[in-house]
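# Tertiary structure, described
The lines below spell out each chain.
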Amino acid sequence: MEITNVSEYEAIAKQKLPKMAYDYYASGAEDQWTLQENRNAFARILFRPRILIDVSKIDMATTVLGFKISMPIMVAPTAFQKMAHPEGEYATARAASAAGTIMTLSSWATSSVEEVASTGPGIRFFQLYVYKNRKVVEQLVRRAERAGFKAIALTVDTPRLGRRESDIKNRFTLPSNLTLKNFEGLDLGKMDEANDSGLASYVAGQIDRTLSWKDIQWLQTITNLPILVKGVLTGEDARIAIQAGAAGIIVSNHGARQLDYVPATISALEEVVKATQGRVPVFLDGGVRRGTDVFKALALGASGIFIGRPVVFSLAAEGEAGVRKVLQMLRDEFELTMALSGCRSLKEITRNHIITEWDTPRPVPRL
């Protein structure tokens, strides 16, 4: 069967993957209300397309932290990609590079920063979890820098792991043939069996719950790389992030895997954008499955979006070719959305191109 959209990869991944692996990628926290809402909230935003504009040439290129990319669609960090496909992060890195976009490598990758760098050229960011042992963090950041990674995406919504009930039921642990490659030499690469979720136990043992705003300043003393704060959902925190020296903000609810009943990221986006007052770029991840979703995020002020689950599902289904296809489908759909909305470049996408449930009805302009 020919795959015609990004969402179709999920069913194929479900057929192909062991239940424990599929459930790990697919599930959200607790009732999974936010997991559904991340998608549903996009569906409540409608278009106000402008017509009779010459859209014969469309430019989707943009820059992120000074790096030129082909489109505002990037790859979010997702853990344990070799659990989806033997080539794991290698395949994702090659696909992102071929698409001319940025890949973010997870701290909990099953391939190391050096291995991913060895796949060839490409703009890559590194997602960081802060461990209790700060020497480990320092070492890891240095390695990412040496391997040519261009930014740190600091995850700030995980002092403890969210309650993911399928992982508890499945007694989730990393398959025995895989390790957390970045931590292999530090005796932190293995995840033990546990009475609940092996990952939850690992996080409880290793990740620093004392992490606070001052640590963003500490991070700036150990690296010159720009720091993106990933996991901001309020205007208040956006302001503090800027004061703390963040180079950008990623509006994220961790794929609805942490605190359930937080808003969809697309619903939280505008508040964060307004609070930043254009001082730093704001990005979004969570629930993006269509080119129309990308356009809606940009209309609400995002500088770009990141995709997570579509990458691991397409990776499971078709390896590198699957990830390439996902990036191409989203690119094609986004280009079509721009054309049909009357936008020829990203700067022409405005708040007036959409209508949301929180908008007051617009007065009809007099002719």
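The notes below deal with the structure included here. Not measured: the values here are computed from a predicted model.

## Notes on the packing of aromatic side chains
Any aromatic ring pair is given by two values, namely how distant the centres are and how the planes are angled relative to each other. As enumerated under the stated definition, the model contains 13 aromatic pairs in all. With a centroid separation of 5.6 Å and an interplanar angle of 15°, the aromatic rings of Trp33 and Tyr261 are classed as stacked. Placement of the pair is Trp33 in helix H3 (residues 33–43) and Tyr261 in the loop between strand E9 (248–251) and helix H11 (265–276), with a sequence separation of 228 residues. Ring geometry for Phe283 versus Phe306: centroids 5.9 Å apart, planes at 75°, classification edge-to-face. You can see Phe283 sitting in strand E10 (residues 282–285) and its partner Phe306 sitting in strand E11 (residues 304–307), a full 23 residues away along the chain. Accessibility expressed as a relative area gives 1% for Phe283, which makes it buried. Owing to a relative accessible area of 3%, Phe306 belongs among the buried residues under this scheme. An aromatic cluster is defined as three or more aromatic residues linked by ring pairs; in this entry it consists of Trp108, Tyr129, Tyr131, Phe183 and Tyr202. Above the plane of the ring of Tyr24 lies Arg257, whose end atom (NZ or CZ) is 4.7 Å from the centre.

## Description of the nonpolar core
Among the nonpolar cores identified, the biggest contains 109 residues, and Phe80, Trp108, Leu128, Ile266, Leu269 and Phe334 are the most heavily contacted of them. Of the residues forming this core, the biggest block, 13 residues, is contributed by helix H13 (residues 309–341). Excluding anything up to four places from it in sequence, Leu269 contacts Val251, Val282, Leu284, Ala297, Leu300 and Ala302. Membership of the second largest hydrophobic core comes to 12 residues, among which are Met74, Phe125, Ala151 and Phe306.

## A word on the packing of helix H6 (residues 134–146) against helix H9 (residues 213–222)
Relative orientation of the contacting elements H6 and H9 amounts to 50°, with a least axis distance of 10 Å. As summarised for this structure, H6 and H9 are arranged oblique, according to the angle between their axes. In this structure, H6 crosses over H9, and the sense of that crossing is right-handed. Contacts between H6 and H9 involve Arg134, Val137, Glu138, Val141, Arg142 and Glu145 from the first element and Asp215, Trp218, Leu219 and Ile222 from the second. A breakdown of the residues in the contact of H6 with H9 according to their chemical character gives five nonpolar, no polar and five charged.

The rules we used
Residues numbered from 1 in each chain as written. Predicted model: local features only at pLDDT ≥ 70, side-chain atom pairs only at ≥ 80, totals over all residues. Heavy atoms only, no water. Phe/Tyr/Trp six-rings, centres within 6.5 Å; stacked < 30°, edge-to-face > 60°. Helix = DSSP H or I, 4+ residues; strand = E, 2+ residues; numbered from the N terminus. Buried < 20%, exposed > 50% of the residue type's maximum accessible area, 1.4 Å probe, protein only. Lys NZ or Arg CZ within 6 Å of the ring centre and 35° of its normal. Core = buried A, V, L, I, M, F, W, Y, C linked by side-chain atoms within 4.5 Å. Contact = heavy atoms within 4.5 Å. Axes fitted to C-alpha atoms, helices over the stretch in contact; angles between N-to-C directions. Parallel < 35°, antiparallel > 145°, perpendicular 65-115°, else oblique. Left-handed = near helix turned anticlockwise from the far one by under 90°. Nonpolar A, V, L, I, M, F, W, Y, C, P; charged D, E, K, R; others polar.

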